[in-house]
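The primary structure of each chain is shown beneath.
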Amino acid sequence: MGGFLGFVYRQWTIKPKPLPSALSLSGKTALITGANSGLGFEAARELMSRKISRLIIAVRDVSKGEAAKKELSSSQGGDTCEIEVWPLDHESYQSIAELGKRTAKLDRLDYALLNAGVKMMSYKKSALGHETNVQINHIGTSAVSLAILPALKHTAQRYNTPSRLIIVSSEGHFWIPFKERSAGKILAKMDEEETFGTQQQRYYTSKLLNVLWTRELASKVDKEEVVVNTVNPGFCYSGLHRHSASVINVFLWLFAWTPEQGGRCLTDALVKHEDSHGQYLSDQRQTPPSSFVLSSDGEKAQKKIWDETIALLKDEAIGLDTSVVT
Ligand SMILES: NC(=O)c1ccc[n+]([C@@H]2O[C@H](COP(=O)([O-])OP(=O)(O)OC[C@H]3O[C@@H](n4cnc5c(N)ncnc54)[C@H](OP(=O)(O)O)[C@@H]3O)[C@@H](O)[C@H]2O)c1
């Protein structure tokens, strides 16, 4: 149910559950992007409470990452989990490529939660020249997914069990017209200020791109090696809403889950649902994405976005190997 009433009903009635208390992630390694705050931080905390052995928090601002590490270290599991803070900026392809190289040196990478994101309410170009929501939420996240894929595959082959790659999207992907899809070049069109739309439209479109990218990536990756899915964490209190008009506070007060509850949706998608390859999860279950995504137009847009993103990364992201999927 993607409409507003469905949203209200679910935010009011569903209370996301934590991972089973008996679950042990001992021996496993997870990487979470944007884990210094909000839902990523809470997801990190929950994995630690389930005894994960190594946690990499990949953050734009290392000092914020170190502060998060300090707080996590004093949480449940802090005595047994090795926490590392790695730099990652979605506005730097060099940083993304470096992250990929570092993951390739790990002895294992079992779980990757691509959670970093922004919600910019007005048009702003990123440091790399693209509209910022699209840069950080779609282009950056997609580039990271390619950069870390070899490490995830390698782990699966070595330990004979699929690794997991989760991209955080949003229910908001149901709520936008995605007019830009009819442009000859969709991503280039979205760089034009006139196409930005109003309020949260561009943010929602970037989250639709997350869903489309996940589905196409999943179609190119063997589910026996890496299970790829996308998750809506629900509407939650977090710093994400800091650029929104103050009316958002009313919506938050009325409907929002806590960051801990949102984080539970992320860990649920990351650790459970082994059969969710290519799927969209919401409210801790597999559920259809928007009817546009499932339509033939959606399928065309999915392939176009994939081709355009790969071409853009080949052109701009020196040092990033885009041939890890063909
Ligand atoms: N909260 C919600 O209601 C909601 C609903 C649906 C989906 N989501 C999704 O959930 C994810 C987490 O958001 P949140 O609510 O936890 O918000 P948040 O607290 O603002 O966390 C976002 C994280 O992304 C990081 N980030 C931003 N720009 C980055 C960049 N250029 N490179 C690397 N990292 C960057 C932030 O780092 P800094 O601290 O340095 O800025 C922060 O760690 C996002 O993908 C968001 O779209 C959230």
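Calculation rules
Residues numbered from 1 in each chain as written. Predicted model: local features only at pLDDT ≥ 70, side-chain atom pairs only at ≥ 80, totals over all residues. Heavy atoms only, no water. Helix = DSSP H or I, 4+ residues; strand = E, 2+ residues; numbered from the N terminus. Rg over C-alpha atoms; globule rule 2.2 N^0.38 Å. Buried < 20%, exposed > 50% of the residue type's maximum accessible area, 1.4 Å probe, protein only. Areas by Shrake-Rupley, 256 points an atom, 1.4 Å probe, with all protein chains shown as cover. Axes fitted to C-alpha atoms, helices over the stretch in contact; angles between N-to-C directions. Parallel < 35°, antiparallel > 145°, perpendicular 65-115°, else oblique. Left-handed = near helix turned anticlockwise from the far one by under 90°. Contact = heavy atoms within 4.5 Å. Nonpolar A, V, L, I, M, F, W, Y, C, P; charged D, E, K, R; others polar. Pairing = 2+ DSSP bridges.

- Where an unreviewed UniProt entry is consulted, the chain appears under the name NAD(P)-binding protein, with the organism given as Didymosphaeria variabile.

## A short note on the overall build of the chain
Part 1: Helices and strands together make up the secondary structure of the chain, namely 11 helices and 8 strands.
Part 2: Here the C-alpha atoms of the chain give a radius of gyration of 18 Å, agreeing with the 20 Å that 2.2 N^0.38 yields for 326 residues.
Part 3: On the principal axes, the C-alpha backbone points of the chain span a range of 50 × 45 × 35 Å.
Part 4: The buried share among the 326 residues of the chain stands at 59%.
Part 5: Surface summary for the chain: the accessible area is close to 13,800 Å², and the carbon and sulfur share equals 52%.

## Brief notes about unusual backbone geometry
Part 1: Phi is positive for Gln 199, which is not a glycine, with a value near 45°.
Part 2: Here Gln 199 lies in the loop between helix H6 (186-190) and helix H7 (201-220).

## So, the packing of helix H4 (residues 93-104) against helix H5 (residues 132-159)
Part 1: Running from N to C, H4 and H5 point in directions that differ by 25°, and their axes come no closer than 8 Å. Here H5 runs roughly parallel to H4, going by the angle between their axes. Crossing hand, H4 versus H5: right-handed. Here Tyr 93, Ile 96, Leu 99, Gly 100, Thr 103 and Ala 104 of H4 lie close against H5, whose contacting residues are Gln 135, Ile 139, Gly 140, Ala 143, Val 144, Ala 147, Ile 148 and Ala 151.

## With respect to the packing of helix H2 (residues 38-49) against helix H3 (residues 62-73)
Part 1: With their axes 10 Å apart at the nearest point, H2 and H3 run at an angle of 35° to one another. Seen along the crossing, H2 lies across H3 with a hand that is right-handed. Touching Phe 41, Ala 44, Arg 45 and Met 48 of H2 are Ala 68, Glu 71 and Leu 72, all from H3.
Part 2: When its residues are assigned to classes, the contact of H2 with H3 shows 5 nonpolar, no polar and 2 charged.

## Considerations on the sheet that holds strand E1 (residues 29-33)
Part 1: One open sheet holds the 8 strands; their spatial order is E3-E2-E1-E4-E5-E6-E7-E8, and the pairing between them is mixed. The sheet is open, and its two borders are formed by strand E3 (82-87) and strand E8 (285-286), each paired with just one other strand.
Part 2: Relative to strand E5 (residues 163-168), strand E4 (residues 111-114) runs parallel, the two being bridged by 4 bridges. Considered in E5, the bridge of Leu 114 is made with Ile 167.
Part 3: Packed on one face of the sheet, helix H9 (residues 259-271) meets E4, E5, strand E6 (226-232) and strand E7 (280-282) and runs near 145° to E5.

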